[in-house]
Amino acid sequence: MPILPSGLNLALSRDALIENGANWFHCPAGNFWYWDIAPEMGTPPFEPGSTILAMPAHAPAPENRIEVRKFIRVLEMSKDGRFGWRGEWLASFPQYVVLDEQDATAWRTWLEKPETLQFLDDTAETCRHLAKITQEATGSFIARDTP
C-alpha cells in the first residue's frame, strides 16, 4: 500500500473476483465471474464509504499484467482510516483522483515493485483458476420470500 508524497494512501484489491467454488453459474469457456458496478448506481466517482451496489458479470480470464488491471480495484484511505472504493479500476487509474507529478512518479514506481508485480501475477492466475472452476459449476438460483 503506497502512501504518496501528498499523503494520499492507496491500496489494490482483488475483492471484485467472485471466488465461488463450484456453487455458482456456468459461463463461457475461459471466462470467470467478477463483481461489476450495478447500473442503478450510475457512474463513478462514488463518495468514500458509500454502499456500492454490484452485479455479477463475466469476462475472459486475463492473460497478463495489463489485462488483469481491469479487475483490480484501487482503494483510497479516507480520514477515518478506512479504505473505500470510489469506482477506480487499476486499468484506468487515475480517473477520479488527481495525482500531481510527484504522486504520479511515486505511484508508477510502486506499481513496478516486485511485490506489486507478484500481486498482479497472482490475481491473473486466480482469474484463470476461477475460469476453470466455472466450467464445472453446478450452482443454482434460490429465491426466497422476504417479509
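A brief report on the enclosed structure follows. (Residues numbered from 1 in each chain as written. Predicted model: local features only at pLDDT ≥ 70, side-chain atom pairs only at ≥ 80, totals over all residues. Heavy atoms only, no water.)

Let's talk about the pattern of salt bridges
Link 1 in the chain: This model, assessed by the stated rule, comprises four salt bridges.
Link 2 in the chain: Between Arg86 and Glu76 there is a salt bridge, with the nearest N and O atoms lying 3.4 Å from each other. Within this pair, whereas Arg86 is found in strand 5 (residues 83–89), its partner Glu76 is found in strand 4 (residues 73–77), the two being separated by ten residues in sequence. You'll find Arg86 and Glu76 in the same group, each marked buried.
Link 3 in the chain: Put simply, Arg128 and Glu125 hold a salt bridge, and the shortest N to O gap is 3.1 Å. (Salt bridge = Lys/Arg side-chain N within 4 Å of Asp/Glu carboxyl O. Helix = DSSP H or I, 4+ residues; strand = E, 2+ residues; numbered from the N terminus. Buried < 20%, exposed > 50% of the residue type's maximum accessible area, 1.4 Å probe, protein only.)

Side note on the nonpolar core
Link 1 in the chain: The biggest cluster of nonpolar side chains holds 29 residues, and the ones touching the most others in it are Leu12, Phe32, Leu90, Leu99 and Trp107.
Link 2 in the chain: Listed by contribution, the elements that provide at least two residues to this core are strand 1 (10–13), strand 2 (31–37), strand 3 (54–60), helix 2 (101–111) and helix 3 (114–134).
Link 3 in the chain: With seven residues, helix 3 is the single largest residue contributor to this core.
Link 4 in the chain: One finds Ile37, Phe46, Leu75 and Trp85 within the second-largest nonpolar core, a separate group that totals seven residues. (Core = buried A, V, L, I, M, F, W, Y, C linked by side-chain atoms within 4.5 Å.)

Points about the environment of Ala124
Link 1 in the chain: Along the polypeptide, Ala124 turns up in helix 3.
Link 2 in the chain: If we skip the residues at most four places from it in the chain, Ala124 touches Pro62 and Val68. (Contact = heavy atoms within 4.5 Å.)

Looking at the side chain of Arg86
Link 1 in the chain: Accessibility expressed as a relative area gives 18% for Arg86, which makes it buried.
Link 2 in the chain: Side-chain polar atoms of Arg86 contact the side chain of Glu76, separated by 3.4 Å. (Polar contact = N/O pair within 3.5 Å; in protein donor to acceptor, adjacent residues only side chain to side chain.)

Regarding the pairing of strand 4
Link 1 in the chain: Here strand 4 lies mainly inside the structure; four of its five residues are buried.
Link 2 in the chain: Looking at chain direction, strand 1 and strand 4 are connected through four bridges and run antiparallel. Paired with Leu12 across the strands is Val74, a residue of strand 4.
Link 3 in the chain: One ladder, built from four bridges, connects strand 4 with strand 5; its direction is antiparallel. Looking at strand 5, one finds that Arg73 is bridged to Trp89. (Pairing = 2+ DSSP bridges.)

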